[in-house]
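Each chain is listed here by its residues.
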2 protein chains.
Amino acid sequence: MTAEAVDGRRAKGERRRALLLEAALRVVERDGVAGVTHRAVAKEAGQPPSSATYYFESIDDLLVAALVRSVDAYAARLREATESPDPVAALAETLAAELARGRAPVIAEYELYLLAARRPALRATAQRCVDDLAALARRCTGDPVAVKAFCACVDGLLLQALVTGASPDASGIEAVLRLAMAGSEPAGGVP
Amino acid sequence: MTAEAVDGRRAKGERRRALLLEAALRVVERDGVAGVTHRAVAKEAGQPPSSATYYFESIDDLLVAALVRSVDAYAARLREATESPDPVAALAETLAAELARGRAPVIAEYELYLLAARRPALRATAQRCVDDLAALARRCTGDPVAVKAFCACVDGLLLQALVTGASPDASGIEAVLRLAMAGSEPAGGVP
DNA sequence: GAGAATCTTGCACAAACGTCCAAGTTTCTC
DNA sequence: GAGAAACTTGGACGTTTGTGCAAGATTCTC
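Residues numbered from 1 in each chain as written. Chains lettered and ligands numbered in written order. Predicted model: local features only at pLDDT ≥ 70, side-chain atom pairs only at ≥ 80, totals over all residues. Heavy atoms only, no water.

Undergrad: Please clarify how the relation of the copies chain A and chain B should be interpreted in this entry.
TA: These two copies of the chain differ by a rotation about an axis and a displacement along the same axis. Aligned on chain B, chain A shows an RMSD of 0.1 Å; the corresponding rotation is 180° and the shift along the axis is 0.0 Å. Accordingly, the operation relating the two chain copies is best matched by a two-fold axis. Comparing interface residues between copies, 100% of those in chain A also lie at the interface in chain B; the contact surface is shared. (Least-squares fit on C-alpha atoms with pLDDT ≥ 70 in both. Contact = heavy atoms within 4.5 Å.)

Shown next as structure tokens:
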């Protein structure tokens, strides 16, 4: 994709690195961030422990890469909802469906997300996450305060659902998001 | 406080346990949840390692107790704001001041908070946190959806401030919270 | 004061971890 | 094909961790 002639050595390496990264995400889902070790990830990927240390010098590198990958996946889902005729409804459905399918992946996302609070190197990635959300909101309102409220609501709703064990349905989520979006201007509306 | 005649042995024990718990919170602030080990906490408390294993059988017990303590402190601050003439403004000031004083304690709170997502035993404590927030909101609006939006906004604003490194001021926070509180009814208002 | 309950501590053990290295393999360049 | 570059792997090292235990000190009960 990037260059016409690929180095077969590097290509194989990147494929392997991706395998390890996916394994790392599964480990985070299963055992939390604390469970991420070189050995555990390599074992999950069905590879020798040395390979994990080769591709990720420190355990921190591994977590950083995992967050980036997690945010990428999130951004993709977000973009899909953004392009829908009713972004708010689409997002509400997406979030509810994710929670219903299983909490572990969502927990993993937020554990990695929170990791950015301690690592300045991750702030740009976290910011991207919020920006994508704001882009969705701006399709429905011009009020910047409403955009902030909307973004905060999304993270707050998910976080609270996770920690309290509640399972809000799509309509409940949508109602809250719609309210946050309403803002001072009565209707930004879809054009 | 609880009984008239206290057992000196148990009293000493509880004092020591409290010391360890405070040390544990400092460790979480400094090194994150991952840094919490029996030895690290004992060292932080200036006590022999064995004492940590005596009072907290597993490392999980320690974290659970730490979360409960953290939520207790949060609830106290929340109650203070709730009793203010303008709860929303008071809460906004409290949150902004906390962020300004230092992010580490807030990060620690959320790391522990998120811990509840994996431990059913902690859900009640996390729920209490949300309930206290909802109680504050209900002093300003009767709309249950607005209450939910308000609670979500508080967690979302703090979480996003932490992960993006932003430092919202009191007025910015207040504006967002006020919007979430507004709801469909134009004014619940303070009586 | 005698005996029981609780607290307190040092120590030793196995397991798991990050890290490093050196030898071997594949792939590319020329 | 020869040499360089990148990948791959197994193994060893020292450190840290959780855990359990046994002996001692403190406090309460009678």
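Undergrad: How do you make sense of the protein's contact with DNA strand C when you look at a structure like this?
TA: Inspection of the region around DNA strand C gives 20 residues, with R9, R16, S50, Y54 and Y55 of chain B positioned closest. Atoms of DNA strand C within 4 Å of the protein belong to the sugar or the phosphate in 62% of instances, the rest to bases. Between DNA strand C and T37 of chain A, the relevant distance is 3.4 Å, taken from a phosphate oxygen to a side-chain nitrogen or oxygen of the residue. Note that a base nitrogen of DNA strand C is positioned 2.5 Å from one of the side-chain N or O atoms of S50 of chain B. Mapped onto the surface near DNA strand C, the elements with two or more residues apiece are α1 (8–31) and α2 (38–44) of chain A together with α1 (8–31) and α3 (49–55) of chain B. (Near = heavy atom within 4 Å. Polar contact = N/O pair within 3.5 Å; in protein donor to acceptor, adjacent residues only side chain to side chain. Helix = DSSP H or I, 4+ residues; strand = E, 2+ residues; numbered from the N terminus.)

Undergrad: Help me out: how do you make sense of the interface of chain A and chain B in this one?
TA: Where interface size is given, it is often the accessible area lost as the parts come together that is meant. Each side of the interface is counted separately: chain A has 41 residues, and chain B has 41 residues. Carbon and sulfur atoms supply 70% of the area that chain A and chain B bury against each other, a total of about 3,300 Å² over both sides. Together, L114, R118 and L179 of chain A form the three largest contributors to the area buried by chain A at its contact with chain B, with a combined 22%. Where chain A touches chain B, the interface holds two salt bridges. One can count ten residue pairs in polar contact (both at pLDDT 80 or more) joining chain A with chain B. The element best represented in the side of chain A that touches chain B is helix α8 (residues 144–164) of chain A, accounting for 15 residues. Across the side of chain A that touches chain B, the residue classes break down as 24 nonpolar, eight polar and nine charged. (Buried area = accessible area lost by both parts, 1.4 Å probe. Salt bridge = Lys/Arg side-chain N within 4 Å of Asp/Glu carboxyl O. Nonpolar A, V, L, I, M, F, W, Y, C, P; charged D, E, K, R; others polar.)

Undergrad: Looking at this structure, how should I read the UniProt feature "domain: HTH tetR-type" (unreviewed entry) in chain A?
TA: In this structure's numbering, the residues bearing the UniProt feature "domain: HTH tetR-type" (unreviewed entry) are residues 14–74 of chain A. Taken end to end, residues 14–74 of chain A comprises 79% helix and 0% strand; its first and last C-alpha atoms sit 21 Å apart. (UniProt positions renumbered as here; feature names shortened; annotations may be inferred.)

Undergrad: What is the right way to read the protein's contact with DNA strand D from this model?
TA: The local shell around DNA strand D holds 19 residues, among which R9, R16, S50, Y54 and Y55 of chain A are the closest. The share of sugar and phosphate among atoms of DNA strand D within 4 Å of the protein is 65%. Y54 of chain A is positioned such that a nitrogen or oxygen atom in its side chain is 2.6 Å from a phosphate oxygen of DNA strand D. Listed by contribution, the elements that provide at least two residues to the surface near DNA strand D are α1 and α3 (49–55) of chain A together with α1 and α2 (38–44) of chain B.

Undergrad: It is not clear to me how the pattern of salt bridges should be interpreted in this structure. Could you clarify?
TA: Side-chain pairs of opposite charge can arise whenever the charged atoms involved come near each other. Residues and elements named next belong to chain A. Using the criterion set out here, one finds 22 salt bridges over all chains in the structure. Between E22 and R69 there is a salt bridge; the shortest N-O distance is 3.0 Å. Of the two residues, E22 sits in helix α1 while R69 sits in helix α4 (residues 59–82), which places them 47 residues apart along the sequence. A residue is classified by how much of its surface remains accessible, and E22, at 35% relative accessible area, is partly exposed. The shortest N-O distance in the salt bridge between E44 and R26 comes to 2.7 Å. Of the two residues, E44 sits in helix α2 while R26 sits in helix α1, which places them 18 residues apart along the sequence. On the basis of relative accessibility, which here comes to 36%, the residue R26 falls in the partly exposed class. Bridged by salt links that share partners, the residues R26, R30, D31 and E44 form one connected network. (Buried < 20%, exposed > 50% of the residue type's maximum accessible area, 1.4 Å probe, protein only.)

Undergrad: Help me out: how do you make sense of the domain arrangement of chain A in this one?
TA: All names here are of chain A. Assigned domains of chain A: these are domain 1 (1–57) and domain 2 (64–191). Computed over C-alpha atoms only, the centres of domain 1 and domain 2 are separated by 28 Å. Summed over both sides, the interface of domain 1 with domain 2 buries roughly 810 Å², with 76% coming from carbon and sulfur. Seen at the junction of domain 1 and domain 2, the total is one salt bridge. Summed over the shared surface of domain 1 and domain 2, the result is two residue pairs in polar contact (both at pLDDT 80 or more). Each residue belonging to the side of domain 1 that touches domain 2 can be placed in one class, and the counts come to five nonpolar, one polar and three charged. (Domains from an automatic or database assignment.)

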